[in-house]
Amino acid sequence: MNIKSVDFVASYPKESACPKDVKPEFAFIGRSNVGKSSLINMLTGRKGMAKVSVTPGKTQLINFFDINHQWHLVDLPGYGYARTSKDKKAAFSKMIRDYLSKRTQLFLAFVLLDSRHELQKIDQQFLEWCGENNVPFALIFTKADKSSKKEVISNVEAIRSELLKTWHELPPHFITSSETKLGREDILQYIKMILTQTDVKEDHI
Ligand code: GTP
Ligand code: MG
């Protein structure tokens, strides 16, 4: 997929405030600081599009971007940031849960995991919640440039084996780096495939 246009739509504090139009949505979600905003900038090819921060917890709203006037890319707040106050943390998780479970135009959530770390409990719990709530998702492993290729592959395999203890099968996964653009084409191709399949389905109805 060629990215021909990227337009920031707006930021919303909760699901019920999100626009009521019918463009397909692809959301990006993960633990704070996992690299969501960097990945979005890398995918869209617009450097300052999503705000990148060294301070975890920067993205605190649901941010909508219009891509090619065809679909919406949604940058969700990070979960599990320990230094936000308890109240705020709970609010984030309700915001995220409401968005993911209620949003009918959500085609897929990309769940980001740091390729350097073992599977964290909060990520496992989040994925389980997605399963229980029928949220369609794919996995993205971030920051692959920070370790050797061998280490990344072995970490990814370890995380997948851990997940396979509770999941019968896992959705596709992508290994990415916002620095080297690794994984960009594959993710855009995957989105395009889902959009195309849906068009085909609708044509047959
Ligand atoms: P919050 O919005 O705070 O939840 O964080 P986020 O998930 O949007 O992470 P963000 O993109 O702001 O990145 C966090 C930090 O990781 C920044 O210092 C980035 O420069 C760095 N980072 C993100 N992706 C990569 C990557 O692929 N490679 C490297 N080397 N650094 C990365
Ligand atoms: Mg962010």
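Residues numbered from 1 in each chain as written. Chains lettered and ligands numbered in written order. Predicted model: local features only at pLDDT ≥ 70, side-chain atom pairs only at ≥ 80, totals over all residues. Heavy atoms only, no water.

K.L.:
Got a minute to help me understand helix α1 (residues 36-44) in this structure?
P.N.:
Since the α-helix advances by 3.6 residues per turn, residues separated by three or four positions end up pointing in the same direction. Summarising burial for α1: eight of the nine residues are buried, a large majority. Regarding α1, the residues found buried are K36, S37, L39, I40, N41, M42, L43 and T44. Among the residues trailing α1, G45 stands out with phi positive, at a value near 70°. (Buried < 20%, exposed > 50% of the residue type's maximum accessible area, 1.4 Å probe, protein only. Helix = DSSP H or I, 4+ residues; strand = E, 2+ residues; numbered from the N terminus.)

K.L.:
It is not clear to me how the pairing of strand β2 (residues 25-30) should be interpreted in this structure. Could you clarify?
P.N.:
For a regular strand, the rule is simple: side chains alternate between the two faces of the sheet. Counting buried positions along β2 yields six of six residues, so the element is predominantly enclosed. Burial along β2 is two-sided: the residues E25, A27 and I29 and F26, F28 and G30 are all buried. As judged from the four bridges shared by β2 and strand β4 (residues 71-75), these two strands associate in the parallel manner. Among the inter-strand pairings, F26 is bridged to a residue of β4, identified as L73. Examined bridge by bridge, β2 and strand β5 (residues 106-114) share six bridges and lie parallel to one another. Considered in β5, the bridge of F26 is made with L108. (Pairing = 2+ DSSP bridges.)

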